[in-house]
Amino acid sequence: MTLPAVLVVVALLVGIGLYGALSQQSFVMLMMGLELMMNGVLLAAVGLWSFAAGGIPKGQLLVIVVLAVMALEMAIGFALVVAVYRERQADTTEALETLRG
Amino acid sequence: MTAVDVFFYLLSAIAVVAGWRVFRTDSMVRASFFLLTSFLTVGGIALLLAAPYLGAAVLFMMAVEMMVMALFMVMFMMNPAGLNPMNMVHQSRFAIGAGVVAGVSLAVLALVVRFPRHPVEPSADLISRLGHELLGDSMLIFESAGVAIVATMVCTVVLSSASGRYGNATSGSRPPGLEPGGEPAGRRPDSDDDADGGDDE
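Below is a short write-up of the structure.

Thresholds applied
Residues numbered from 1 in each chain as written. Chains lettered and ligands numbered in written order. Predicted model: local features only at pLDDT ≥ 70, side-chain atom pairs only at ≥ 80, totals over all residues. Core = buried A, V, L, I, M, F, W, Y, C linked by C-beta atoms within 7 Å. Buried ≥ 20, exposed ≤ 12 C-beta atoms within 10 Å, placed from the backbone. Helix = DSSP H or I, 4+ residues; strand = E, 2+ residues; numbered from the N terminus. Contact = placed C-beta atoms within 7 Å. Nonpolar A, V, L, I, M, F, W, Y, C, P; charged D, E, K, R; others polar.

## Some points on the nonpolar core
Grouped together as the largest cluster of nonpolar side chains are 69 residues, with contacts concentrated most on V9, V10, L13, L42, L43, V46 and V63 of chain A. Those elements giving two or more residues to this core turn out to be α1 (3-23), α2 (27-51) and α3 (57-88) of chain A together with α1 (3-22), α2 (28-48), α3 (52-75), α4 (92-112) and α5 (126-134) of chain B. Per element, the largest residue contribution to this core is 16 residues, and it comes from α2 of chain A. When sequence neighbours within four positions are dropped, the list of residues in contact with V46 of chain A reads V63 of chain A together with A46, L49, A51 and L54 of chain B.

## With respect to the interface of chain B and chain A
Taken together, the 78 residues of chain B in the interface contact 64 residues of chain A. Every element with two or more residues in the side of chain B that touches chain A is listed here: α1, α2, α3, α4, α5 and α6 (139-160) of chain B. Looking at the side of chain B that touches chain A element by element, the count peaks at 13 residues for α4 of chain B. In the side of chain B that touches chain A, the residues fall into 55 nonpolar, 17 polar and six charged.

## What about the environment of V17 of chain B?
Residues and elements named next belong to chain B. With respect to the helices and strands, V17 occurs in helix α1. In this structure V17 comes out as partly exposed when scored by C-beta crowding, with 15 C-beta atoms within 10 Å. Taking the C-alpha atoms as reference points, V17 and G43, separated by 26 residues in sequence, lie 16 Å from one another.

As C-alpha coordinates, then:
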(Lines give C-alpha, C1' and ligand atoms only; values in the text may rest on other atoms or scores of the structure.)
Protein backbone atom coordinates (compact mmCIF):
# COMPACT_ATOMS: atom_id res chain seq x y z
CA MET A 1 0.00 0.00 0.00
CA THR A 2 1.65 3.16 -1.23
CA LEU A 3 0.50 6.72 -1.74
CA PRO A 4 0.44 6.48 -5.57
CA ALA A 5 -1.73 3.35 -5.34
CA VAL A 6 -4.21 5.18 -3.10
CA LEU A 7 -4.23 8.18 -5.42
CA VAL A 8 -4.85 5.99 -8.48
CA VAL A 9 -7.95 4.63 -6.74
CA VAL A 10 -8.92 8.25 -6.06
CA ALA A 11 -8.47 9.11 -9.73
CA LEU A 12 -10.73 6.23 -10.77
CA LEU A 13 -13.42 7.23 -8.27
CA VAL A 14 -13.32 10.88 -9.39
CA GLY A 15 -13.43 9.87 -13.06
CA ILE A 16 -16.44 7.61 -12.56
CA GLY A 17 -18.15 10.25 -10.43
CA LEU A 18 -17.59 12.91 -13.08
CA TYR A 19 -19.04 10.60 -15.72
CA GLY A 20 -22.11 10.04 -13.54
CA ALA A 21 -22.63 13.69 -12.71
CA LEU A 22 -22.42 14.67 -16.39
CA SER A 23 -24.38 11.82 -17.90
CA GLN A 24 -27.31 11.16 -15.58
CA GLN A 25 -30.67 12.73 -16.34
CA SER A 26 -32.24 12.27 -12.96
CA PHE A 27 -31.33 14.85 -10.33
CA VAL A 28 -30.83 12.28 -7.60
CA MET A 29 -28.54 10.14 -9.77
CA LEU A 30 -26.59 13.28 -10.66
CA MET A 31 -26.08 13.87 -6.94
CA MET A 32 -24.79 10.33 -6.56
CA GLY A 33 -22.06 11.24 -9.05
CA LEU A 34 -21.16 14.25 -6.92
CA GLU A 35 -21.10 12.06 -3.83
CA LEU A 36 -18.80 9.58 -5.56
CA MET A 37 -16.38 12.40 -6.40
CA MET A 38 -16.48 13.57 -2.79
CA ASN A 39 -15.75 9.97 -1.81
CA GLY A 40 -12.56 10.17 -3.85
CA VAL A 41 -11.63 13.52 -2.30
CA LEU A 42 -12.11 11.98 1.14
CA LEU A 43 -9.80 9.10 0.29
CA ALA A 44 -7.20 11.46 -1.17
CA ALA A 45 -7.21 13.56 2.01
CA VAL A 46 -6.83 10.49 4.24
CA GLY A 47 -4.08 9.05 2.03
CA LEU A 48 -2.05 12.26 1.92
CA TRP A 49 -2.52 12.70 5.68
CA SER A 50 -1.29 9.19 6.30
CA PHE A 51 1.66 9.02 3.90
CA ALA A 52 2.87 12.57 3.27
CA ALA A 53 1.81 14.75 6.19
CA GLY A 54 3.08 12.64 9.08
CA GLY A 55 -0.35 12.39 10.69
CA ILE A 56 -0.77 16.01 11.75
CA PRO A 57 -4.13 16.57 13.50
CA LYS A 58 -5.11 19.34 11.07
CA GLY A 59 -5.23 16.77 8.29
CA GLN A 60 -7.88 14.81 10.17
CA LEU A 61 -9.73 18.08 10.71
CA LEU A 62 -9.76 18.62 6.94
CA VAL A 63 -11.30 15.17 6.45
CA ILE A 64 -13.99 15.98 9.02
CA VAL A 65 -14.78 19.19 7.13
CA VAL A 66 -15.06 17.16 3.89
CA LEU A 67 -17.46 14.78 5.62
CA ALA A 68 -19.60 17.71 6.80
CA VAL A 69 -19.62 19.20 3.30
CA MET A 70 -20.80 15.86 1.87
CA ALA A 71 -23.71 15.72 4.28
CA LEU A 72 -24.67 19.36 3.69
CA GLU A 73 -24.44 19.00 -0.08
CA MET A 74 -26.81 16.06 0.02
CA ALA A 75 -29.29 17.81 2.35
CA ILE A 76 -29.42 20.99 0.26
CA GLY A 77 -29.52 18.99 -2.95
CA PHE A 78 -32.52 16.95 -1.88
CA ALA A 79 -34.29 20.07 -0.64
CA LEU A 80 -33.74 21.67 -4.05
CA VAL A 81 -34.95 18.55 -5.83
CA VAL A 82 -38.13 18.54 -3.75
CA ALA A 83 -38.66 22.27 -4.37
CA VAL A 84 -38.12 21.89 -8.13
CA TYR A 85 -40.45 18.91 -8.28
CA ARG A 86 -43.13 20.83 -6.41
CA GLU A 87 -42.77 23.80 -8.75
CA ARG A 88 -42.42 22.07 -12.11
CA GLN A 89 -43.22 18.39 -11.54
CA ALA A 90 -39.81 17.72 -13.04
CA ASP A 91 -37.23 15.21 -11.88
CA THR A 92 -34.86 15.23 -14.84
CA THR A 93 -32.48 17.90 -16.03
CA GLU A 94 -34.07 17.92 -19.50
CA ALA A 95 -37.35 19.14 -18.01
CA LEU A 96 -35.63 22.31 -16.83
CA GLU A 97 -34.21 23.48 -20.12
CA THR A 98 -35.97 26.82 -19.85
CA LEU A 99 -35.37 28.82 -16.72
CA ARG A 100 -38.92 29.98 -16.12
CA GLY A 101 -39.94 30.74 -12.56
CA MET B 1 2.95 -8.36 -0.18
CA THR B 2 1.61 -8.15 3.34
CA ALA B 3 -1.92 -8.79 4.57
CA VAL B 4 -2.55 -5.04 4.69
CA ASP B 5 -1.65 -4.80 1.00
CA VAL B 6 -4.01 -7.62 0.13
CA PHE B 7 -6.84 -5.97 2.05
CA PHE B 8 -6.08 -2.62 0.45
CA TYR B 9 -6.18 -3.93 -3.11
CA LEU B 10 -9.32 -5.95 -2.37
CA LEU B 11 -11.13 -2.96 -0.85
CA SER B 12 -9.95 -0.66 -3.64
CA ALA B 13 -11.23 -3.02 -6.30
CA ILE B 14 -14.61 -3.25 -4.54
CA ALA B 15 -14.76 0.54 -4.16
CA VAL B 16 -14.10 1.21 -7.84
CA VAL B 17 -16.32 -1.57 -9.19
CA ALA B 18 -19.20 -0.61 -6.88
CA GLY B 19 -18.75 3.03 -7.93
CA TRP B 20 -18.98 1.97 -11.56
CA ARG B 21 -22.05 -0.18 -10.94
CA VAL B 22 -23.85 2.83 -9.45
CA PHE B 23 -24.43 4.15 -12.97
CA ARG B 24 -24.87 0.79 -14.64
CA THR B 25 -27.70 -0.76 -12.63
CA ASP B 26 -31.35 -0.79 -13.59
CA SER B 27 -32.70 0.27 -10.21
CA MET B 28 -31.99 3.51 -8.42
CA VAL B 29 -32.31 1.85 -5.01
CA ARG B 30 -29.68 -0.67 -6.00
CA ALA B 31 -27.56 2.25 -7.20
CA SER B 32 -27.70 3.84 -3.77
CA PHE B 33 -26.65 0.56 -2.15
CA PHE B 34 -23.74 0.28 -4.58
CA LEU B 35 -22.71 3.78 -3.57
CA LEU B 36 -23.01 2.71 0.07
CA THR B 37 -20.67 -0.20 -0.69
CA SER B 38 -18.18 2.18 -2.24
CA PHE B 39 -18.30 4.44 0.83
CA LEU B 40 -17.94 1.54 3.25
CA THR B 41 -14.87 0.22 1.46
CA VAL B 42 -13.33 3.71 1.47
CA GLY B 43 -13.99 3.79 5.22
CA GLY B 44 -12.20 0.43 5.46
CA ILE B 45 -9.23 1.81 3.53
CA ALA B 46 -9.14 4.74 5.97
CA LEU B 47 -8.94 2.20 8.80
CA LEU B 48 -5.99 0.55 7.02
CA LEU B 49 -4.36 3.97 6.63
CA ALA B 50 -4.06 4.36 10.42
CA ALA B 51 -7.07 6.66 10.72
CA PRO B 52 -9.35 4.69 13.08
CA TYR B 53 -11.58 7.58 14.08
CA LEU B 54 -12.11 8.84 10.53
CA GLY B 55 -12.68 5.35 9.17
CA ALA B 56 -15.32 4.57 11.78
CA ALA B 57 -16.93 8.00 11.27
CA VAL B 58 -17.18 7.37 7.52
CA LEU B 59 -18.68 3.93 8.09
CA PHE B 60 -21.39 5.13 10.49
CA MET B 61 -22.18 8.38 8.70
CA MET B 62 -22.42 6.86 5.23
CA ALA B 63 -24.53 3.94 6.42
CA VAL B 64 -27.17 6.42 7.63
CA GLU B 65 -26.74 8.85 4.74
CA MET B 66 -27.22 6.19 2.11
CA MET B 67 -30.36 4.92 3.85
CA VAL B 68 -31.80 8.43 3.51
CA MET B 69 -30.57 8.42 -0.09
CA ALA B 70 -32.39 5.14 -0.74
CA LEU B 71 -35.65 6.68 0.53
CA PHE B 72 -35.27 9.59 -1.89
CA MET B 73 -34.42 7.12 -4.62
CA VAL B 74 -37.77 5.43 -4.05
CA MET B 75 -39.51 8.81 -4.22
CA PHE B 76 -37.87 9.81 -7.50
CA MET B 77 -37.48 6.37 -9.04
CA MET B 78 -37.66 6.41 -12.82
CA ASN B 79 -37.99 2.67 -13.18
CA PRO B 80 -39.94 1.16 -10.29
CA ALA B 81 -38.75 -2.26 -9.16
CA GLY B 82 -35.96 -2.16 -11.72
CA LEU B 83 -37.95 -4.44 -13.98
CA ASN B 84 -37.13 -2.69 -17.23
CA PRO B 85 -33.70 -1.93 -18.55
CA MET B 86 -33.06 1.65 -17.61
CA ASN B 87 -31.44 4.11 -19.95
CA MET B 88 -31.44 7.56 -18.45
CA VAL B 89 -28.25 9.12 -19.66
CA HIS B 90 -27.73 12.14 -21.84
CA GLN B 91 -24.63 13.53 -23.59
CA SER B 92 -23.19 10.07 -23.04
CA ARG B 93 -20.16 10.42 -25.28
CA PHE B 94 -19.11 13.75 -23.79
CA ALA B 95 -19.58 12.40 -20.26
CA ILE B 96 -17.50 9.29 -20.96
CA GLY B 97 -14.78 11.44 -22.51
CA ALA B 98 -14.72 13.84 -19.57
CA GLY B 99 -14.66 10.99 -17.05
CA VAL B 100 -11.85 9.18 -18.85
CA VAL B 101 -9.80 12.37 -19.28
CA ALA B 102 -10.23 13.31 -15.60
CA GLY B 103 -9.50 9.81 -14.32
CA VAL B 104 -6.48 9.17 -16.55
CA SER B 105 -4.92 12.58 -16.01
CA LEU B 106 -5.33 12.36 -12.24
CA ALA B 107 -3.88 8.82 -12.25
CA VAL B 108 -0.90 9.97 -14.31
CA LEU B 109 -0.36 12.86 -11.89
CA ALA B 110 -0.54 10.44 -8.96
CA LEU B 111 2.13 8.24 -10.54
CA VAL B 112 4.42 11.02 -11.78
CA VAL B 113 4.42 13.57 -8.96
CA ARG B 114 6.95 12.98 -6.18
CA PHE B 115 5.09 13.44 -2.92
CA PRO B 116 6.88 14.08 0.36
CA ARG B 117 7.51 10.90 2.30
CA HIS B 118 6.48 11.48 5.88
CA PRO B 119 4.35 8.54 6.98
CA VAL B 120 2.29 8.56 10.14
CA GLU B 121 3.69 6.54 13.00
CA PRO B 122 1.02 3.99 13.98
CA SER B 123 1.98 4.06 17.66
CA ALA B 124 1.11 7.76 18.02
CA ASP B 125 -2.03 8.64 19.97
CA LEU B 126 -3.82 10.01 16.92
CA ILE B 127 -7.39 10.17 18.22
CA SER B 128 -6.41 12.00 21.38
CA ARG B 129 -4.41 14.49 19.31
CA LEU B 130 -7.41 14.99 17.02
CA GLY B 131 -9.63 15.69 20.02
CA HIS B 132 -7.23 18.28 21.40
CA GLU B 133 -7.01 19.86 17.94
CA LEU B 134 -10.79 19.99 17.50
CA LEU B 135 -11.43 21.60 20.85
CA GLY B 136 -8.18 23.57 20.91
CA ASP B 137 -6.47 25.46 18.12
CA SER B 138 -9.00 24.57 15.43
CA MET B 139 -12.11 25.05 17.50
CA LEU B 140 -13.31 27.94 15.32
CA ILE B 141 -13.23 25.75 12.19
CA PHE B 142 -15.00 22.91 14.00
CA GLU B 143 -17.69 25.21 15.35
CA SER B 144 -18.10 26.85 11.93
CA ALA B 145 -18.97 23.43 10.57
CA GLY B 146 -21.64 23.19 13.26
CA VAL B 147 -23.05 26.61 12.34
CA ALA B 148 -23.04 25.59 8.67
CA ILE B 149 -25.12 22.54 9.60
CA VAL B 150 -27.64 24.74 11.43
CA ALA B 151 -27.84 27.06 8.41
CA THR B 152 -28.39 24.05 6.16
CA MET B 153 -31.23 22.83 8.34
CA VAL B 154 -32.93 26.23 8.08
CA CYS B 155 -32.38 26.31 4.29
CA THR B 156 -33.74 22.81 3.89
CA VAL B 157 -36.92 23.58 5.78
CA VAL B 158 -37.44 26.83 3.85
CA LEU B 159 -36.81 25.17 0.48
CA SER B 160 -39.03 22.19 1.08
CA SER B 161 -41.94 23.80 2.89
CA ALA B 162 -45.12 23.99 0.88
CA SER B 163 -46.20 27.46 1.90
CA GLY B 164 -44.02 30.47 2.35
CA ARG B 165 -44.33 34.05 3.44
CA TYR B 166 -45.85 35.15 0.12
CA GLY B 167 -48.36 32.36 -0.22
CA ASN B 168 -48.36 28.86 -1.61
CA ALA B 169 -45.02 27.65 -2.92
CA THR B 170 -46.66 26.12 -5.99
CA SER B 171 -48.38 29.36 -6.99
CA GLY B 172 -47.74 30.08 -10.66
CA SER B 173 -45.97 26.81 -11.27
CA ARG B 174 -46.41 25.00 -14.54
CA PRO B 175 -45.35 21.43 -15.25
CA PRO B 176 -43.30 20.77 -18.40
CA GLY B 177 -44.97 19.27 -21.45
CA LEU B 178 -44.37 15.83 -22.82
CA GLU B 179 -42.56 17.36 -25.77
CA PRO B 180 -40.73 20.71 -25.75
CA GLY B 181 -43.23 23.57 -25.78
CA GLY B 182 -46.13 21.17 -25.50
CA GLU B 183 -49.21 21.28 -23.36
CA PRO B 184 -48.35 20.96 -19.65
CA ALA B 185 -48.56 17.36 -18.55
CA GLY B 186 -49.60 17.20 -14.95
CA ARG B 187 -51.41 19.14 -12.29
CA ARG B 188 -51.46 22.90 -12.63
CA PRO B 189 -51.94 24.34 -9.16
CA ASP B 190 -53.30 27.66 -10.48
CA SER B 191 -56.20 26.03 -12.30
CA ASP B 192 -57.29 24.01 -9.30
CA ASP B 193 -60.73 24.76 -7.94
CA ASP B 194 -59.67 24.77 -4.34
CA ALA B 195 -56.76 27.12 -3.82
CA ASP B 196 -55.70 25.25 -0.72
CA GLY B 197 -54.65 22.22 -2.72
CA GLY B 198 -53.92 19.15 -0.70
CA ASP B 199 -56.23 16.90 -2.71
CA ASP B 200 -53.94 14.70 -4.74
CA GLU B 201 -50.56 15.24 -3.18
